[in-house]
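# Structural description and commentary
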Amino acid sequence: MIQAQPISRQAPRWQHALREAFTRPAELLAWLELDPALPQLDLPGLRDFPLRVPRGFAARMRKGDPLDPLFLQVWPAAREAETVPGFVADAVGDMDSAQGDGVLHKYQGRALLITTGACAVHCRYCFRRHFPYSESLAARGHWQPALDRLAADPSITEAILSGGDPFSLSDERLAELFEGLAGIPHLRRVRVHTRQPIVLPERIDAGLLKILRSVSLDKVMVVHANHAQELTGDVPQALADLRTNGWMLLNQSVLLRGINDTTNALQGLHERLFSLGILPYYLHLLDRVKGAAHFEVPEHRARELMRDLSSISPGYLVPRLAREVPGDPAKAWLSW
Ligand SMILES: *Cc1c(COP(=O)(O)O)cnc(C)c1O
Ligand code: SF4
C-alpha cells in the first residue's frame, strides 16, 4: 500500500526565522536597549511599509547605539513622513515598463522578472516600497506567461530574478522557475538579485542549495550589503556555500547618509566582501523615493568618495557608481 503524503510537513527553519522577525518598533527598541521614545513613523506610514527585521540581522547591531549602521537601514524614522520636493512614489519609472507578466525588459539582452513582492527585511530607503506588486507579479499563479515571453525573444540571453526577494519563494516555486528557464535554448545565464544571504542566512539551507547546484545555466548572484558589519555571524558560511555550488557572487550597495558615506566605511565593506569571495559591482545613488530623502548623499560627495576609493584600492575593489534614470535604456554609470 502506498503511504499517503503527510498533510503538513515540518516547515523549514528559515520560515520560522521569518515568522519571528521583529515587526513591532517597541520590541526592537527594547531588545537593542534603545530609548523607547526614539522618534518613529506614525501608524499610517507604518501600515504601508511596516518594520521588518530578522532577529539574526538585529543580532549584528550594536546595542544601545541609535546610530548603528544596520539599525539605521531598517528603523522607520519619523523623518520618513516629511515631504521633500523631487522625492516621488515611482522614482525609477518601473511602472511604465512593467508588463502584466512581471517581466521588465528595459535593457538589451537582459530581462528582469519580478518574482515576488516579499522581502525578509524592509529597507527604509528602498525604491520598491511603493511598487504596485499586486498588478505585475510573475509569481501570481504561475510562471508560464513570463517564460513564454522570454522564450519568444531570442535576443534575451540573461534572465534576472528580482523582486522583492526571489528567495522569499518556496523551494518548490524556485525549482519550477529554474526548470522553466533551463528549457529556453537561447538563455545563457541566470542572475539572482537577493538580499537574503545577508539578512536571512538561514535561507541558504540544504534544500535551496540542492536546487541552486542543479541550475545548468551560468549562474550569477548579486547580493546586497551596505556595511561590513552585515557580513558576520552565519553570513560568511552562507556565502561560501553559494560559491561552492557554482554561483559567482557580486555585491550591490546603496550609498546612504550616516551609514556608509565615508571612505573608511566603503573600503571596509569592499575589503570584507573580497575576503568572502565577492566583488563589489554597483554602488547606487539613492533613488529619490518618497520617504527616503534623509538617506541622500549629494552627487558631488559621491564622486569625491569614488575618487578617494580608487586612489587607495585595487581597481577590482572599486564598484561602479550608478544611478537609475527613469525611462533610460540603461543604468547611468557616473564617472568621477
Ligand atoms: C539593473 C537592471 C538590470 C541589470 O542591469 P546590469 O547593468 O546588467 O546590471 C536589468 N533590468 C532592470 C530593469 C534593471 O533595473
Ligand atoms: S531587500 Fe531589497 S527589495 Fe527588499 S526592501 Fe530591501 S532593498 Fe528593497
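Structure shown above.
Report follows, based on the coordinates. Note that residues are indexed from 1 along each chain, following the sequence as it is written. Following the order in which they are written, the chains are lettered starting with A and the ligands numbered starting with 1. Thresholds applied to this predicted model are a pLDDT of at least 70 for local features of residues and 80 or more for the giving and counting of side-chain atom pairs; totals over whole chains, interfaces and linings are not thresholded and use all residues. With hydrogens and water set aside, each side-chain value is computed from the structure's full complement of heavy atoms.

## Brief notes about the sheet that holds strand β8 (residues 320–323)
Across the sheet, 9 strands lie side by side as β1-β2-β3-β4-β5-β6-β7-β8-β9; this open sheet has mixed pairing. The open sheet has two free edges, formed respectively by β1 (103–107) and β9 (332–333), since each of these has just one partner strand. Pairing between strands requires that DSSP locate at least two bridges from one strand to the other. Secondary structure counts use DSSP, requiring at least four H or I residues in a row for a helix and at least two E residues in a row for a strand, with both numbered from the N terminus. Examined bridge by bridge, strand β4 (residues 189–193) and strand β5 (residues 218–224) share 5 bridges and lie parallel to one another. Bridge pairing in β5 places V190 opposite K219. By the convention used here, residues are in contact when the closest approach between their heavy atoms is within 4.5 Å. Between N-to-C directions, angles span 0 to 180 degrees; the directions come from axes that are lines fitted to C-alpha atoms, helices contributing only their stretch in contact. Against the sheet, helix α8 (residues 171–182) touches β2 (110–114), β3 (158–162) and β4, its axis set at about 165° to β3. In this fold helix α12 (residues 263–275) packs onto β6 (248–254) and β7 (279–284), with an angle of close to 145° to the strand it touches most, β7.

## Looking at the environment of V318
Residue placement: V318 occurs in the loop between α13 (299–312) and β8. The class of V318 is buried, set by a relative accessible area of 16%. Along the chain, V318 and P280 lie 38 residues apart, while their C-alpha atoms are 6.7 Å from each other. Ignoring any residue separated from it by four or fewer positions in sequence, one finds V318 in contact with P280, M306, L309, S310, S313 and W336. In this scheme, a residue with accessible area under 20% of its type's maximum is buried, one over 50% is exposed, and one in between is partly exposed, where area comes from a 1.4 Å probe on protein chains only.

## Topic: the site of ligand 2
Whether a residue is near a molecule or strand depends on its heavy atoms: if one lies within 4 Å, it is near. Taken together, C119, V121, C123, C126, G164, R195 and H224 make up all the residues around ligand 2. By residue class, the composition of the shell around ligand 2 is 4 nonpolar, 2 polar and 1 charged. Lys, Arg, Asp and Glu make up the charged group, whereas Ala, Val, Leu, Ile, Met, Phe, Trp, Tyr, Cys and Pro make up the nonpolar group; the residues left over, Gly among them, are polar.

## Quick look at the site of ligand 1
In the vicinity of ligand 1, the contacting residues are L104, K106, Y107, R110, L112, I160, R191, Y281, Y282, E324 and K331. Contacts to ligand 1 include R110, whose side-chain N or O atom sits 2.7 Å from an oxygen atom. Polar contacts, as used here, are pairs of N or O atoms within 3.5 Å; protein pairs need one atom able to donate a hydrogen and one able to accept it. Residues neighboring in sequence count only if both atoms are side-chain atoms. Y281 places a polar side-chain atom, nitrogen or oxygen, 2.7 Å from an oxygen atom of ligand 1. Of all the elements in the fold, those that place two or more residues in the shell around ligand 1 are β1, β2 and β7. Tallied by class, residues from the shell around ligand 1 come to 6 nonpolar, no polar and 5 charged.

## Considerations on the pattern of salt bridges
Here, a salt bridge means any Lys or Arg side-chain nitrogen found within 4 Å of an Asp or Glu carboxyl oxygen. Throughout the structure, instances matching the rule amount to 18 salt bridges. Linking R149 and D101 is a salt bridge whose minimum nitrogen-to-oxygen distance equals 2.8 Å. Of this pair, R149 sits in helix α7 (residues 144–151) while D101 is found in the loop between α6 (94–97) and β1, placing the two residues 48 residues apart along the sequence. R303 is paired through a salt bridge with E299; the nearest N and O atoms lie 2.5 Å apart. Taken together, the positions of R303 and E299, both in helix α13 and 4 residues apart, correspond to about one turn of that helix. You can call R303 partly exposed: its relative accessible area is 24%. Several salt bridges converge on common partners, so that one network encompasses R24, E27 and R55.

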